[in-house]
2 protein chains.
Amino acid sequence: MGLYRVRSSTISDKGIVVFKPSGKVIEVEVGTLLSEAAAQANIELNLPCGGQGRCGRCKVLVEHGPVSRRPSAKLSPTEEEEGYALACQAVVKGDVILSVPEQEKIERRIAEEAKGAERIALPLEFEWPLDPSIGKFFVTIEPPSLEDNTTDFDRLRRELKAQHGISDLTIGLPILKKLATTLRDADWQVTAVLEMGDGASANNCGPYLIDILPGDQTAQSFGLAIDIGTTSNVVHLVDLLSGRIIDRASEYNGQISCGEDIISRIIYSQKGDGLAHLQRLVLKTLNGLIDELVSRNGIRHQEIHKATVTGNTTMIQLFLGLNPRYIREEPYIPTISHPLLVTAEEAGLNINSQGTVDCLPGVGAYVGADITAGVLSSDMYKTDALTLFMDVGTNGEMVLGNADWLLACACSAGPAFEGSGVRHGMRATAGAIEEIWINPEGYEPTYRVIGNVPPRGICGSGMISLLAEMFITGVIDKSGKINRDLPTPRTRVGDHGGEYVVAWAAKTAIGHDIVITEVDIENLIRTKGAIYAGFSVLVHSVGLELADVEQVLIGGAFGQYINIEKAIQIGLLPDLPWDRFKYLGNTSVLGATYSLFSRDLRREITEIANRMTYLELSADNRFMDQFVSALFLPHTDTASFPSVMKLLIKVRS
Amino acid sequence: MGLYRVRSSTISDKGIVVFKPSGKVIEVEVGTLLSEAAAQANIELNLPCGGQGRCGRCKVLVEHGPVSRRPSAKLSPTEEEEGYALACQAVVKGDVILSVPEQEKIERRIAEEAKGAERIALPLEFEWPLDPSIGKFFVTIEPPSLEDNTTDFDRLRRELKAQHGISDLTIGLPILKKLATTLRDADWQVTAVLEMGDGASANNCGPYLIDILPGDQTAQSFGLAIDIGTTSNVVHLVDLLSGRIIDRASEYNGQISCGEDIISRIIYSQKGDGLAHLQRLVLKTLNGLIDELVSRNGIRHQEIHKATVTGNTTMIQLFLGLNPRYIREEPYIPTISHPLLVTAEEAGLNINSQGTVDCLPGVGAYVGADITAGVLSSDMYKTDALTLFMDVGTNGEMVLGNADWLLACACSAGPAFEGSGVRHGMRATAGAIEEIWINPEGYEPTYRVIGNVPPRGICGSGMISLLAEMFITGVIDKSGKINRDLPTPRTRVGDHGGEYVVAWAAKTAIGHDIVITEVDIENLIRTKGAIYAGFSVLVHSVGLELADVEQVLIGGAFGQYINIEKAIQIGLLPDLPWDRFKYLGNTSVLGATYSLFSRDLRREITEIANRMTYLELSADNRFMDQFVSALFLPHTDTASFPSVMKLLIKVRS
């Protein structure tokens, strides 16, 4: 409800901002960005570019009052005349009334389809010897007497040593505070919960008492594997005694509202309270997922004694509250790549407050723990076959190698395939066109929409398939330009040059045509070009050819949707026999899960991180050459794509 | 200022309590103790017995309103009639007006005389090789490049290893958060502050980064040695680079208002918020002393990176917030005797938040870190001479031994010599009679008063001297009974039996006679008897006699005031040649100071704690026998006190 206040004076360095249609009112300093005022008023504005004024998604209508704008190419002259402004680029100069257009909602649930993508992982029977770092030990202790008046802690240590062979136990103040009472209330029969250490985390110095529980509570032991993706967060609730994944939950990363890609988030983190705000957002998402798992499975938060966390380096730093600024600036230096164990309380995770949080190690600024965990769960570090492992998400990270060596790189692919930077791009939720076919005669498209509803936009797999179909049918040429001479109203010239209409306005849920423009196509080609250049350089830098790659393992939630055939047709994937490709699902969270079950595997991840060589592409001329060559469909070097050439000849003949 | 409210209804389960003369008003639940209501209103009431209703010091006058009292021997029938109640034993039943009599003020400063007692320690030049556990290392780091893109933390580790030979450095989240910015702002020239570990604290696992500072800040390094006495707290500010004590400050322990001895504090800690309240009180005292030292010496709190803390086991547990309940209950079990390192932030000490707090190890419930530290600074653990070390404070702790063995015991001497449990007893502050002489002809006393003002009471050394003089001159007999036949108005029968008037009302600052009663004398004899019985049992239990003791080392602030001659006359100390006695001052804080300067000495304290055998006297029949024998002046066995016997013959002949 709005509360329209009457000001007694108009001379002030503050301004009142009224937001319509919600009616929310807030007073801010003159000079405050409209987007900041909205944040203070708890109004969610999408800032996919992190507030850089580049995406144009945060348009608001200034109905009344003084606002100072920076010029922006994202506003048409008409829009400017009507009073529109980009909230992230305009500042309050006095009392203002703003109207916030209905925007693409920041989706709060993962589409059912997205959940299906990880079906492979659930239920998973763990096949390695179980050896979690969390140990639960039941001890019966002789009560003290005048003859044996050892202190409570030494008495516990003595019995853990005698009954379970555990030496050098340490303890923190919070558990020490409840030790005396717990021992006596439990009649000297207690369960000691220990972080046994894994020899892999850098601050590991032996068994540490996490909790002391009355009676025998060794029958259950829970942990969490957490994957903090730039886009999606996934949490596995695991049973450390049986090696089973009990349940899982996933949700979009709450940070999306502050930027869709890593760079936008880093930029956002540098503004005022930005870093702390981003940390709070991801913790809110994760703690929400934990609440969901805890309530659905009838356990209590304090029964979870460990969380193993994976994610790219920026996500890990934001999770820990470490300033990610220097990840973005050359020479791209993270604060730490093997983070030390912290308590759940320090990390802000709502599990047992003294439980340990283990952030898995990464390799560098752009090859993080998600990749080392992925390499672990992909098994590529144990195989003799020359393997290319790709995690195609907002970043394109890839690793080439086998049991003997591992070479990694990252190319800033950008979020084009995740729906950002493309006019009608969207994430793979209900209303997204996920697959498209174009009839080579008449160029009419047919498509499949997630949820079987009128379409609202096109998701990543839809764009791969659209691009491939347009190229194969000749709607676009090899440079991505629309053929304007085709006998169809679907191709036309719009505000941004040539475009192809995928869905007419009347058939959509948004009331206007869903199109793909030449600008969009250029973005998509740059993205696929960067990925192709990445693995080309990897392979060439060890003196091999792409054809030598014996298997291509595709991880990451998005990887699951890639239609191999279409991806090869646009030159996103190399033209190899299809049986060399294998989908692995969310390799990152699986790696974290494995390392919860086995200290050996946890040590393997550290080993993988240490073994992996990182190739910095931004300083590599070969990358630039490869990138430029890949800016065609499927590639400048058509000889590298024999199957696509064959198909072209067949279709166009 | 008071705010007298008008109640609209008298039917309520709350009551308003008005305190006069301050006029403070507070609303409390019906059933609240008057003492709790006072605490909530921030009115300081003395509760020397911890609110057990035993000392009678918290008398208040109920001027109006319903109050429910428990019967108490501490109120005379007249007082009860007048409306007096013990605040700790009476509860609010409705709206009440109370008058709080002017009480003995809770003294907020240590008497100048008390400061003098530790003169020996200041300035102290440390003579051992300096080797503090806090290390400050200046490092110049090569800035990162694309060719050398090691993370910030690994880069720092690498240089600390290369330039200073430090391996396996660990780091906590708070310092990690500022690492990237500090390194760059300081142009890659920084000072790393490390807790190097001493191999003595149980959670010691190698060098730990406490702070990272711009530029070269290795020229200064500060630490604190803190002695938490039951009565007095003392803090030394030390220079870890030169081994000097820079300054010191002392103050009464703020917990005194909740009980004067350990047992009273433990009882207080069991009530409601008692434990947390006691912890806050001692932290307030300590942080006040730190503020004083910091401001007087022009340094900043965050420049202090370590505090080493000593005190008896109960004081250490209260400082750490550990429930001391089982220290009091048989079989007297502390939670821990070798506490683990905690950060200053966890401990609540206002120094560098990541600085380490090292609580020195004790032996058991009643032989704490003050004694192990005292044994260290007394050097008795290195001598061949049979040594008796005594720390005479609110508890009587003592250690017998030499370089080969150490045997300790504690006898609950009680606070009689510290002014509690004696009608006109008081602490050694201005107005205290500290020495008394009685003329054997006429039995008129002369006395010396601290501060040369009219007397308000008698402090511990005054009581020793009074007891000795009364005994030697025959005012009392060997069982402590007043000779009522003496030709002097100074001896008479009062409310509590026989008494001796030390000062007539007109000569005092309190307006009535200062006396010592037979009840007081009995208390004092029990106290000295317990101490004497303690060291007798120690000596006999190893098959030796008191005469075999080659030196008696007296530690503790109070020890400083004991007049050896008089103490022997009453049988508080054994009748040995005076040159065998040596005063050491505050051995506890000195031990903590030494262990800050030298990791070797810190390890020695752990060694001392492990070597020391604790003799539990409460279960020892020999102690009871010795105690009963010592309940005479100087002792049942007069042959043990030849010098006193000789004097008696001389004086009374």
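Here the residue numbers are simple positions, counted from 1 along each chain's written sequence. For this description, chains carry letters from A and ligands carry numbers from 1, given in the order in which they are written. The predicted origin of the model limits local features to residues at a pLDDT of at least 70 and limits the giving and counting of side-chain atom pairs to 80 or more, whereas totals for whole chains, interfaces and linings rest on all residues.

Draft legend 1. Geometry of the overall build of chain A. Comment: elements are numbered from the N terminus, with helices defined as DSSP H or I runs of at least four residues and strands as E runs of at least two. Looking only at helices and strands, one finds 18 helices and 29 strands in chain A. In this description the radius of gyration comes from C-alpha coordinates, and the expected globular size is given by 2.2 Å times residues to the power 0.38. For chain A, whose C-alpha radius of gyration is 28 Å, the value lies close to the compact-globule estimate of 26 Å for 653 residues. When the backbone C-alpha atoms are referred to their principal axes, chain A occupies close to 100 × 75 × 45 Å. Here the contacts in chain A between residues at least 6 apart in sequence split such that 68% fall between residues at least 24 apart. Contact between two residues is assigned whenever their backbone-derived C-beta positions fall within 7 Å.

Draft legend 2. Region of interest: the sheet that holds strand S11 (residues 208-214) of chain B. All names here are of chain B. The strand order across the open sheet formed by 4 strands is S8-S10-S11-S9, and the pairing between neighbours is mixed. Looking at strand neighbours, the two that pair on one side only are strand S8 (134-140) and strand S9 (170-171), the edges of this open sheet. Inspection of the sheet shows strand S10 (residues 189-195) paired to S11 by 6 bridges, in the antiparallel sense. Looking at S11, one finds that Val193 is bridged to Asp211. Only strands joined by at least two bridges in the DSSP assignment are considered to pair.

Draft legend 3. Molecular detail of the interface of chain B and chain A. Contact with chain B, which involves 37 residues of that partner, is made by 37 residues of chain A. Secondary-structure elements contributing two or more residues to the side of chain B that touches chain A are helix H4 (152-164), S9 and helix H5 (173-185) of chain B. Looking at the side of chain B that touches chain A element by element, the count peaks at 6 residues for H5 of chain B. Of the residues contributing to the side of chain B that touches chain A, the split by class is 21 nonpolar, 11 polar and 5 charged. Note on residue classes: Ala, Val, Leu, Ile, Met, Phe, Trp, Tyr, Cys and Pro are nonpolar, Asp, Glu, Lys and Arg are charged, and everything else, Gly too, is polar.

Draft legend 4. Spatial organisation of helix H15 (residues 587-597) of chain A. Neighbour counting defines burial: a residue surrounded by 20 or more other C-beta atoms within 10 Å of its own C-beta is buried, one with 12 or fewer is exposed, and intermediate counts give partly exposed, using backbone-placed C-beta atoms. In terms of residue burial, H15 of chain A counts as a mostly covered element, since 11 of its 11 residues are buried. For H15 of chain A, every residue scored as buried is listed here: Thr587, Ser588, Val589, Leu590, Gly591, Ala592, Thr593, Tyr594, Ser595, Leu596 and Phe597 of chain A.

Draft legend 5. Region of the structure containing the relation of the copies chain B and chain A. The copies were overlaid with a least-squares fit restricted to C-alpha atoms from residues scoring a pLDDT of at least 70 in each copy. For the pair chain B and chain A, the best superposition has an RMSD of 0.2 Å and corresponds to a rotation of 180 degrees with a translation of 0.1 Å parallel to the axis. Both chain copies can therefore be described as sitting about a two-fold axis. Comparing contact sets, 100% of the residues at the interface of chain B also lie at the interface in chain A, consistent with an isologous, same-surface contact.

Draft legend 6. Spotlight on unusual backbone geometry. Residues and elements named next belong to chain A. Residue Pro634 is reached from Leu633 by a cis peptide bond, and omega for that bond is -15 degrees. Positionally, Pro634 belongs in the loop between helix H17 (621-629) and helix H18 (642-652). Unusually for a residue other than glycine, Tyr443 sits at a positive phi of about 65 degrees.

Draft legend 7. Broad picture of the nonpolar core. Put simply, a nonpolar core is buried Ala, Val, Leu, Ile, Met, Phe, Trp, Tyr and Cys residues tied into one set by C-beta atoms within 7 Å. Counting 387 residues, the largest nonpolar core has Ala408 and Val502 of chain A together with Ala408 and Val502 of chain B as the members making the most contacts within it. With near-sequence residues (within four places) excluded, Ala408 of chain B lies in contact with Val363, Val367, Ile371, Glu397, Met398, Val399, Met612, Thr613, Tyr614 and Leu615 of chain B.

Draft legend 8. Spotlight on the pairing of strand S1 (residues 14-20) of chain B. Residue and element names in this part refer to chain B. Here S1 runs beside strand S2 (residues 25-29); their pairing, made up of 5 bridges, is antiparallel. Paired with Gly15 across the bridge in S2 is Val28. Counted along the chain from S1 to the antiparallel partner S2, the turn is 4 residues long, and its residue Gly23 has a positive phi close to 80 degrees. Pairing between S1 and strand S7 (residues 96-99): 4 bridges, direction parallel. Looking at S7, one finds that Phe19 is bridged to Leu98.

Draft legend 9. The arrangement of the packing of helix H11 (residues 369-378) of chain A against H15 of chain A in detail. Residues and elements named next belong to chain A. To define axes, lines are fitted to C-alpha atoms, for helices over the stretch in contact only, and angles between the resulting N-to-C directions are given on a 0 to 180 degree scale. At a closest axis distance of 7 Å, the pairing of H11 and H15 adopts a crossing angle of 75 degrees. Considered as vectors, H11 and H15 are oriented roughly perpendicular to each other. Side by side, H11 and H15 meet where Asp370, Ala373, Gly374, Leu376, Ser377 and Ser378 of the first sit next to Thr587, Ser588, Leu590, Gly591, Ala592 and Tyr594 of the second. Residue composition of the contact of H11 with H15, grouped by class: 5 nonpolar, 6 polar and 1 charged. Roughly parallel means an angle under 35 degrees; roughly antiparallel, over 145; roughly perpendicular, 65 to 115; everything else is oblique.

Draft legend 10. Region of interest: the sheet that holds strand S22 (residues 445-449) of chain A. Residues and elements named next belong to chain A. One open sheet accounts for 3 strands, arranged S22-S21-S23; its pairing is mixed. The two strands at the open ends of the sheet, each matched to only one other strand, are S22 and strand S23 (457-458). Across 2 bridges, strand S21 (residues 432-438) lies against S23 in parallel orientation. In the strand pairing of S23, Ala432 is matched with Gly457.

Draft legend 11. Representation of the confidence of the model for chain A within the structure. Residues and elements named next belong to chain A. Looking at any residue, its pLDDT shows the predictor's confidence there, from 0 to 100. Counting all residues, the mean pLDDT for chain A is 88, and 91% of those residues have values of 70 or more. Here helix H3 (residues 112-116) stands out as the least confident element of chain A, with mean pLDDT 35; helix H8 (residues 313-320) is the most confident, with 98. Ignoring residues within four places in sequence, the model shows residues 1-11, a span with pLDDT below 50, making 12 contacts including any to other chains. Taken together, the stretch residues 104-124 has pLDDT below 50 and engages in 38 contacts with residues farther than four places along the chain or on a different chain. Here the predicted complex scores 0.82 on pTM and 0.82 on ipTM.

Draft legend 12. Region of interest: the environment of Val392 of chain A. All names here are of chain A. Summarising the element assignment, Val392 is placed in strand S18 (residues 387-392). We classify Val392 as buried; it has 26 C-beta atoms within 10 Å. Spatially, the C-alpha atom of Val392 lies 20 Å from that of Val628, the residues being 236 residues apart in sequence.

Draft legend 13. View of the environment of Gly362 of chain B. All names here are of chain B. Residue placement: Gly362 occurs in the loop between strand S17 (356-359) and helix H11 (369-378). Separated by 24 residues in the primary sequence, Gly362 and His338 place their C-alpha atoms 6.6 Å from one another. Residues in contact with Gly362, not counting those within four places in the same chain, are Thr313, Ile316, Ser337, Val367, Gly368, Ala369, Thr372 and Ala609.

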